[in-house]
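Spelled out, the chains give:
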Amino acid sequence: MTLTFVEPKLLRGLRTKLGLLVACLAILLLGALSRPPAAPRPGAAEKVAPILEARAEREEPLRLLEGLRQRGQRGAAASFALQVSRARTPLVGADYGPVTRPQAPAGRGVVVEDSFGLTVASALEGSLEPRVTLASGSVSPARVRAHDVDSGLVLLLLAAPSMSAPLSTRRAAPGDLVLAAFGEGEHATLRPVFVAAIDGRRVSLSGASALVPGTPLFDLDGKLLALATGDREAALAAPTLEALKTQADAGPALPSTLGLSLQEPDEGLRARLGAGAAVVVYSDPEGPGKSLTAGDVLLGVGGQRVVLLDEAQRRIAGLEAGREARLTVRRGGRELEVRVTPVPALAYARQPVRGAGARADTLFAPEALAAAALPGHARVLLIEGRAPGPRPPRPGRSAWLLVEAELQGERFLAAVRP
Amino acid sequence: MNEILSVGLILLCALLAGHVTQLLRIPEVTGYLLVGVAIGPSAFDLISHENLRTLGFLSEVALGLILFSIGSNFEAARFRAVGRGAVRVALYETSGAFLLVLLGLLLLSRPLAVALLLAVIAMETAPATTLMVLHEYDAKGPLTDRLLALIAINNMIVLLAFGGISAFLTLFGGAGEELLLQGYRALHGLLWTTVGSVALGIVMGLLVDSWAARAKESGEAMMLAMGVVLITVGASRALGLSPLFATLALGATVANTSHHGSGLLKALGQADPPLYAAFFVLAGAELQFESVGALGVAGLAYVVLRVVGKLAGARIALRDEDVPETVRRYLGLCLVSSSSLAVGLTIQVRSSFPEAAAPVTAVALAAVLVFEMAGPLLTRLALVRSGEAQTEPRPFEELPDQAT
């Protein structure tokens, strides 16, 4: 046990403590009561001024933003929703059914001039005569007048004229802040998106993962810059629109396709062939170019020799849809002529499935069905996050893919290895 | 980062810093401060300015507890032994720093208001940092006794002087109000922050006294002590009093009325470490490292003159005193640190004298950084050299000075 020596404290006794307490409380009361009026302290005006200034500074950008929003909104009001009626335009293959979304529009677009609308090919899902729901709510039939394969932009002729003033366009530059219009007409809201990079007539966007194909992108002055293609990219409006108008003036012909995927020949092949040409790496087995097979070397289109990939593609696009054309190919050392009937390139335009992380390298529908052991008349809805489209599978690809298909009204899901 | 996350991060980083400082043989406080700097907005910005603002109350609470514990050293019987000497030293060292800094800045042709305010801020010695180093090394001895008393008195003198200088500047740099009203306002401000704050501390202290006998368990004692300190700090803020004075007075009252004071302090001691660690990490995070570049001639003069003033003041005050040689030699070194109070005064300058705020803030905050880093190291040096550090293992190159 420890003994503690307790020192006598300075303040002892109840009376002392009570006295002290009363005295202190009195001091506090007196002090509080005798406080001088909270008169303007020196420098009060100077203190308030910077606060007011700071507030004004804070509010200035807000005012600016509101102005921009209103200007951008004018542009957004010209946007429209697309409804694609598949029934009227038969697609290339019966199995190439689009993913139907009755509740949402297939895509969007924007009225650029009195009776012209601009949208992207992937929004049409192969339809050449979509219907357009305008800002006013009225539904108007439309017809494709021109198609730019490079950018994917499509010029529509609207049956019902809607807007008198033409929408002005501007060239986008990397780093531009653009406003993407969500929703149509008066209900359109704007969300900011950045232009990350420009490559030819395509722009890659940052901050735009879920843009519906054809969503118009405006700059802060309400000028049209581009239209989203649905896969984090957009098609540049500014130089393309003029080209589309010229194309539309020239005639009703739309760029064609043969459902082929072409590639530049490698060095060895080029050395053997002498002049350069294009090598077929994939041919849609149900497509117009099904008589060609992978490995064929394309030497001529429509009777004219082609030496460059670009040239071959341009010539194929220039073929008239529905009219038979001749191709010159080299197959296994022999040169032979092949007859093909091209279809409009638009028929192949497909929409990436939103929110599913679209992938570029997926299967074709027939292969997917075969791999999933489903009969050929089943309809493929989705291959690994992407609607079935005319893109070649990457050679040597062995990862598992997810195939969703519809057969007699029922949906099947299968994981397949291509 | 949200506040809860940042508090957790602060505690763990502080713990880590504690381990590292033990290896490096530097005071924990320095480690906390460095960690604070590292995770604060100056460096990695894990703790943002926003976090610092919301966590500011933690610092206030910790400072309240620290001053409470310093105040509780003011027991009458103990104070009589060192008190008079401490008052004398405090007066000398504060005036030394004040006069040298004032003259130096005036010679560098700074405005009178700026020179006066900086000179007052120069007088301050950090209570928290010093107490923390004393605790860490379990310091005991004549130097430690004097140091504790000295710092409390130093802080009171600083607050009084700041009140006086504020009154002076308000009176003579006023905005054309009636002289009488201005004078009254200045006087009332001075009395209210001093006498009023002490009165509040005493009232709260008496409350503790009447309750402490019933709060016997250490948990209860902790709740009582914590609650009273929080109320004192909060009430001071609400009433426009000085939390510093009030908590000091609270500690002193408890020490002089109640036999349970030491029990309360012990109970608080169990709760303190995380709070103190957070306090210093936050203090470190608030240090603006980039400000050192802007120190300039005035800043350098301020730093040098403050140190010289304090050392010389302490030396002169102790010249004829009957004190051990270690005290004479090393007390001055323990007075170099500077921290929260100086920052607090700077903030007050910013709101009360906006025209002088920019130069005062620039110099004072940069200097706080220098002193906050150097102070604990110097205090540790003094404690080790004087042989009052108990827990510090002593390598032979640091043998206590045998001069006594």
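Quick caveat: nothing in here was measured; it's all calculated off a predicted structure.

**What to know about the overall build of chain A**
Along the backbone of chain A there are seven helices and 23 strands. Burial status across chain A gives 38% buried among its 418 residues. In chain A, 64% of the contacts between residues at least 6 apart in sequence involve partners at least 24 apart.

**As for the overall build of chain B**
Broken down by element type, chain B carries 15 helices and zero strands. Among the 404 residues that make up chain B, the fraction classed as buried is 55%. Relative to all contacts within chain B whose residues are 6 or more apart in sequence, the contacts with residues 24 or more apart total 82%.

**With respect to helix 6 (residues 309-318) of chain A**
Think of an α-helix as turning once every 3.6 residues; residues three or four places apart then point the same way. Three or more residues of helix 6 of chain A are buried, namely Ala312(A), Gln313(A) and Ile316(A). Relative to the axis of helix 6 of chain A, the buried residues are bounded by an arc of 95° and lie together on one face.

**Focus on the packing of helix 3 (residues 49-71) of chain B against helix 10 (residues 243-257) of chain B**
All names here are of chain B. Relative orientation of the contacting elements helix 3 and helix 10 amounts to 40°, with a least axis distance of 7 Å. The orientation of helix 3 relative to helix 10 falls into the category oblique. The crossing of helix 3 and helix 10 is right-handed. Mapping the contact onto sequence places Glu60, Gly64, Leu67, Phe68, Ser69, Ile70 and Gly71 in helix 3 and Pro243, Leu244, Thr247, Leu248, Ala249, Leu250, Gly251 and Ala252 in helix 10. For the contact of helix 3 with helix 10, a count of residues per class yields nine nonpolar, five polar and one charged.

**Points about the confidence of the model for chain A**
Residues and elements named next belong to chain A. For chain A, the mean per-residue pLDDT works out to 71, and 59% of the residues sit at or above 70. Taking the mean pLDDT of every element in chain A, the minimum, 63, falls on strand 23 (residues 410-416) and the maximum, 90, on helix 1 (residues 14-33). When the criterion is pLDDT under 50, residues 1-5 qualifies, and its contacts beyond four places in sequence or with other chains add up to zero contacts. A low-confidence stretch, residues 351-363 stays under pLDDT 50, and its non-local contacts, those more than four residues away or across chains, total 47 contacts.

**Thoughts on the nonpolar core**
One finds Val101(B), Leu117(B), Leu118(B), Val120(B), Val281(B) and Tyr302(B) to be the most contacted residues of the largest nonpolar core, which totals 144 residues. With sequence-adjacent residues up to four places away left out, Leu117(B) is seen in contact with Ile165(B), Val349(B), Phe353(B), Ala356(B) and Val360(B). Core analysis: the second largest hydrophobic core is formed by 55 residues, Leu124(A), Leu158(A), Leu179(A) and Ala234(A) among them.

**Quick notes on unusual backbone geometry**
Residue and element names in this part refer to chain B. Backbone geometry at Arg25 places phi at a positive 60°, although glycine is not the residue there. Of note, Arg25 is situated in the loop between helix 1 (3-24) and helix 2 (28-39). For Arg25, a count of 12 C-beta atoms within 10 Å puts it in the exposed group. Although it is not a glycine, Asp138 sits at a positive phi angle of roughly 50°. Of note, Asp138 is situated in the loop between helix 6 (127-136) and helix 7 (142-172).

**Concerning the pairing of strand 16 (residues 297-301) of chain A**
Residues and elements named next belong to chain A. As paired elements, strand 16 and strand 18 (residues 325-331) share four bridges and run antiparallel to each other. Bridging from a neighbouring strand, Gly300 pairs with Thr328 of strand 18. Where strand 16 meets strand 17 (residues 304-305), two bridges bridge the pair, whose relative direction is antiparallel. Pairing of Gly300 across the sheet is with Arg305, part of strand 17. Adjacent in sequence and paired antiparallel, strand 16 and strand 17 are bridged by two residues, among which Gly302 carries a positive phi angle near 60°.

**Here's the deal with the pairing of strand 5 (residues 139-147) of chain A**
Residue and element names in this part refer to chain A. Two strands pair when backbone bridges link them, and strand 4 (residues 131-133) and strand 5 are joined in this way by three bridges, in the antiparallel orientation. Following the sheet pairing, Arg131 is matched in strand 5 by Pro141. Between strand 4 and the antiparallel strand that follows it, strand 5, lie five residues; Gly137 among them carries a positive phi value of about 100°. One ladder, built from five bridges, connects strand 5 with strand 6 (residues 153-158); its direction is antiparallel. For Ala146, the partnering residue across the bridge sits in strand 6 and is Leu155. Hairpin connection, strand 5 to strand 6: the antiparallel pair is bridged by five residues, and Gly152 has positive phi, about 90°.

**Concerning the environment of Val303(B)**
All names here are of chain B. Along the chain, Val303 falls in helix 12 (residues 296-318). Residue classification places Val303 among the buried residues on the basis of 21 C-beta atoms within 10 Å. Setting aside residues no more than four positions away along its own chain, Val303 makes contact with Ala367 and Val370.

**Regarding the confidence of the model for chain B**
Residue and element names in this part refer to chain B. For chain B, per-residue confidence averages 84 on the pLDDT scale, and residues scoring 70 or more make up 95% of the total. Mean pLDDT values for the elements of chain B range from 76 in helix 14 (residues 340-352) up to 92 in helix 5 (residues 112-122). Under a pLDDT of 50 for its full length, residues 393-404 has, in the predicted model, 12 contacts with residues more than four places off or in other chains.

**Remarks on helix 15 (residues 354-386) of chain B**
Val360(B) marks the point of greatest bend in helix 15 of chain B, at about 40°. In the stretch just after helix 15 of chain B, Gly387(B) is the one whose phi turns positive, near 80°.

The rules behind these values
Residues numbered from 1 in each chain as written. Chains lettered and ligands numbered in written order. Predicted model: local features only at pLDDT ≥ 70, side-chain atom pairs only at ≥ 80, totals over all residues. Helix = DSSP H or I, 4+ residues; strand = E, 2+ residues; numbered from the N terminus. Buried ≥ 20, exposed ≤ 12 C-beta atoms within 10 Å, placed from the backbone. Contact = placed C-beta atoms within 7 Å. Arc of directions from axis to C-beta. Axes fitted to C-alpha atoms, helices over the stretch in contact; angles between N-to-C directions. Parallel < 35°, antiparallel > 145°, perpendicular 65-115°, else oblique. Left-handed = near helix turned anticlockwise from the far one by under 90°. Nonpolar A, V, L, I, M, F, W, Y, C, P; charged D, E, K, R; others polar. pLDDT = per-residue confidence, 0-100. Core = buried A, V, L, I, M, F, W, Y, C linked by C-beta atoms within 7 Å. Pairing = 2+ DSSP bridges. Bend = angle between axes of the 7 residues up to and from the residue.

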